[in-house]
Amino acid sequence: MSENPDLTNERASGTFETNAMAAVIYGSEKFAQRRREITEAISKIPEFQDSHPLVFMSREEKISEACRKLAVLSNYWNSLIDTSDEEEALHLYREVLGLEGHPLALHETMFIPSLIAQASDEQQEKWLGRAQRREIIGCYAQTEMGHGTNLRALETTATFDISTREFILNSPTITSLKWWPGALGKSANWSIVIANLIIKEHNYGPHPFMVQLRDEKSHEPLPGITVGDIGPKMAFNGADNGFLGFKNYRIPRENMLMRHSKVTSDGSYIKPPHAKIGYSSMVKVRSRMAMDQGLFLASALVIAVRYSAVRRQGYLEDKSREVKVLDYQTQQHRLFPSIARAYAFIFCGFETIRLYDQLLIDVQNGNTSGMADLHALTSGLKSVVTYQTGEGIEQARMACGGHGYSMASYISEIYGVAIGGCTYEGENMVMLLQLARYLVKSIEMIQNGKSRELGPMVAYLAENESEIDLNLGPNEYLKVFEYAARNQTWRATEKFQKLRNSGMSNEEAWNQASVELTRASRLHTRLYIMSTFINHVGSIVDQKVKGVLIDLLNVHVTYEVMDIGIYVQGLLSSNQMDLIRNQLYVSLETIRPNAVSLVDSFQISDMQLRSVLGRRDGNVYENLFKWAKSSPLNKTDVLPSVTQYLKPMMEKSKL
Ligand SMILES: CCCCC/C=C\C/C=C\C/C=C\CC/C=C/C(=O)SCCNC(=O)CCNC(=O)[C@H](O)C(C)(C)COP(=O)(O)OP(=O)(O)OC[C@H]1O[C@@H](n2cnc3c(N)ncnc32)[C@H](O)[C@@H]1OP(=O)(O)O
Ligand SMILES: Cc1cc2nc3c(=O)[nH]c(=O)nc-3n(C[C@H](O)[C@H](O)[C@H](O)COP(=O)(O)OP(=O)(O)OC[C@H]3O[C@@H](n4cnc5c(N)ncnc54)[C@H](O)[C@@H]3O)c2cc1C
């Protein structure tokens, strides 16, 4: 069937090449090209198609479908991608497995990275190759039923038995059961388990251990292990998040991951070079989250923008033809700032992935000095992007009206998966407070006359306000954001200090200042996102692409500043606020002809989108009808439940 002419016209009105934009989004022409090649190759392999729409499947069917595709994938793996390239691998996974989770998700995102970061060279020799060849399937078991945030209160123990040189793992209480780890329930046969290291009755706190859970031949749980699935979730139902308990389960001493902390055979403990080095797998995932969430948001926007360009409802001036809903200013205001955020998140994502890779090298070379900075940055970023992604996806759903609420849009699934990110890898509020610790310390450095020692990301906290001339462009908006973040950080810090100086304990003062502190963290992070966006656009060579991204940046800076209006009242007059508001409306109009091309540029395939509304060809209505007819409820005209219950009820009522 040919493309919907409304979309053809939209594409014709774009002022740039989507392939050139994709090269900017994905960091290089080479990778953007590789993504297309991988997508193209996959589309020719029929076994990769869903056997029927995932949304009509039970959990068991979804998991089985994911396993089926993984088995097929293992035959093609080496021919489809450069296996040493993590981004290619992740693209392949997204295309084939989608976003609902699968048995290898944690294997790739946490198990292998933990082995790389935490296992000694000998341990890597033993396990890493096996994991990379997928001879074993691993997961990351840290969270317990009773504790996820407060890692110091984890209850699982790994007690060193000097006589046998083994660790004995135990789950002493119900609340100590590992609870949530992805792929633990039914798929993984090995796990990195975080347990308290106990030697001669001294608790050295949480450490990572490599633990075999299931027999490699029968896949049956090993004696001493209780393991299973935790049941259905809001989303991610293609994943078997699990529970895990240990009863006097013994593992060799060599199974404690010993790149950094060590236990010798006589039971001596060797400290790591940094107390939190064992938390690096979390930092790794957090450093990926801006990118992953940017892509979730992008997916919802591809759907909503394409659909809004073919959905006609109501009239503007021309009463002879209904208007595309994308032409309503309210629709543009609902969608376009989110397009800008999706771009901004992806740009930040590439930056934090690069920073993590660098940190990994530094740490392997004994330099841990960058850990605190990256922990603070990624803590704030994961919190802000997950929250704003959730907001943006929900707006995208509403922008699709009634059909947005149907699973045919697939937006609800994207939403459910994306907002999981507000919780996993550290609950958002908790992570904002981690960043706040860093910001408060920075203010204390300024107060102690050490401004010169501040890192580049917090140097603005020591600066004075300057005059703002909004006609000068994005950098002036950055100054507005700096003002807001600086003011809020000082205010929150001073509140905390005042409470503490009044005699309150440090903890209680912190608690009573914490809402204000989280606000400071959000503003600081949004400033970082904006400045990364501005820097990125500044570096673009293709002038057509650059021109459109400047327009998108204008949407971003004006929308973001309007959104934090309350924090800039002392800086901007109401006339200046009006000016910004009007600039935002102008920017929405400017970007309108490029809206479809901007979302096309994400190059997210129909196979991955799984959305009837977001189809690239825009042929929504006929496919919506086809999709509804394929619902299992429509297999028969009369359901057994009608025959069994409703008919007798109606007949009884007639009497
Ligand atoms: C393969 C294809 C898949 C496709 C991929 C696509 C998309 C992705 C989609 C899905 C992913 C799927 C599933 C997600 C998997 C999820 C996994 C998990 O959730 S794993 C579990 C994660 N758990 C957490 O994040 C726990 C959160 N809690 C913590 O991190 C810590 O407990 C907390 C809150 C930081 C406090 O730690 P604690 O030990 O109590 O700290 P202290 O108070 O003793 O000390 C605090 C000081 O330590 C510094 N600190 C803390 N963490 C770090 C760190 N990581 N690095 C450096 N420094 C750290 C902290 O700043 C304090 O320093 P100061 O005292 O202020 O100097
Ligand atoms: C989809 C999904 C996948 C997951 N995958 C894994 C996995 O593979 N492996 C794994 O180990 N775990 C996994 N988890 C668990 C996840 O990491 C934890 O749920 C998460 O870290 C939050 O911890 P919690 O559940 O203990 O929340 P809680 O800490 O109980 O949070 C409850 C409330 O208390 C507040 N709170 C808690 N502490 C503080 C504080 N100090 N200050 C202020 N407020 C506070 C929080 O902000 C929140 O509002 C997953 C979770 C989900 C949802």
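Just so it is clear, the model here is predicted, and its values are computed rather than measured.

1. Regarding the UniProt feature "domain: Acyl-coenzyme A oxidase N-terminal" (unreviewed entry) in the chain
As annotated by UniProt and renumbered to match this structure, "domain: Acyl-coenzyme A oxidase N-terminal" (unreviewed entry) occupies residues 18-137. Measuring from the first to the last C-alpha atom of residues 18-137 gives 38 Å, for a span that is 69% helix and 0% strand.

2. Quick notes on the UniProt feature "domain: Acyl-CoA oxidase C-alpha1" (unreviewed entry) in the chain
Under the local residue numbering, the UniProt record ascribes the feature "domain: Acyl-CoA oxidase C-alpha1" (unreviewed entry) to residues 279-440. Regarding residues 279-440, the helix share stands at 77% and the strand share at 0%, and the terminal C-alpha atoms are separated by 22 Å.

3. Details of the site of ligand 2
Around ligand 2, a shell composed of 21 residues is seen, among which Gln142, Thr143, Gly148, Thr149 and Met429 lie nearest. Of all elements in the fold, only β1 (138-141) and α13 (428-447) reach the threshold of two or more residues within the shell around ligand 2. It is α13 that contributes the most residues to the shell around ligand 2, three residues altogether. A per-class count over the shell around ligand 2 returns 10 nonpolar, 10 polar and one charged.

4. Concerning the site of ligand 1
Around ligand 1 sit 28 residues in total, of which Glu108, Tyr279, His375, Tyr424 and Gly426 are the nearest. Elements that contribute at least two residues to the shell around ligand 1 include exactly α5 (86-97), α6 (105-118), α8 (280-310), α10 (371-399) and α13. Taken together, the residues of the shell around ligand 1 break down into 12 nonpolar, 10 polar and six charged.

5. What about the pairing of strand β8 (residues 242-246)?
For β8, the tally of buried residues reaches five of five residues, placing the bulk of the element in the interior. Covered by surrounding structure in β8 are Gly242, Leu244 and Phe246 together with Phe243 and Gly245, the residues of both alternating faces. Where strand β4 (residues 178-179) meets β8, two bridges bridge the pair, whose relative direction is antiparallel. Counterpart to Trp179 in the pairing with β8 is Phe243. Summarising the sheet, strand β7 (residues 225-229) and β8 pair through five bridges and their orientation is antiparallel. By the bridge assignment for β8, Ile225 is matched with Phe246.

Calculation notes
- Residues numbered from 1 in each chain as written.
- Chains lettered and ligands numbered in written order.
- Predicted model: local features only at pLDDT ≥ 70, side-chain atom pairs only at ≥ 80, totals over all residues.
- UniProt positions renumbered as here; feature names shortened; annotations may be inferred.
- Helix = DSSP H or I, 4+ residues; strand = E, 2+ residues; numbered from the N terminus.
- Near = placed C-beta within 6 Å.
- Nonpolar A, V, L, I, M, F, W, Y, C, P; charged D, E, K, R; others polar.
- Buried ≥ 20, exposed ≤ 12 C-beta atoms within 10 Å, placed from the backbone.
- Pairing = 2+ DSSP bridges.

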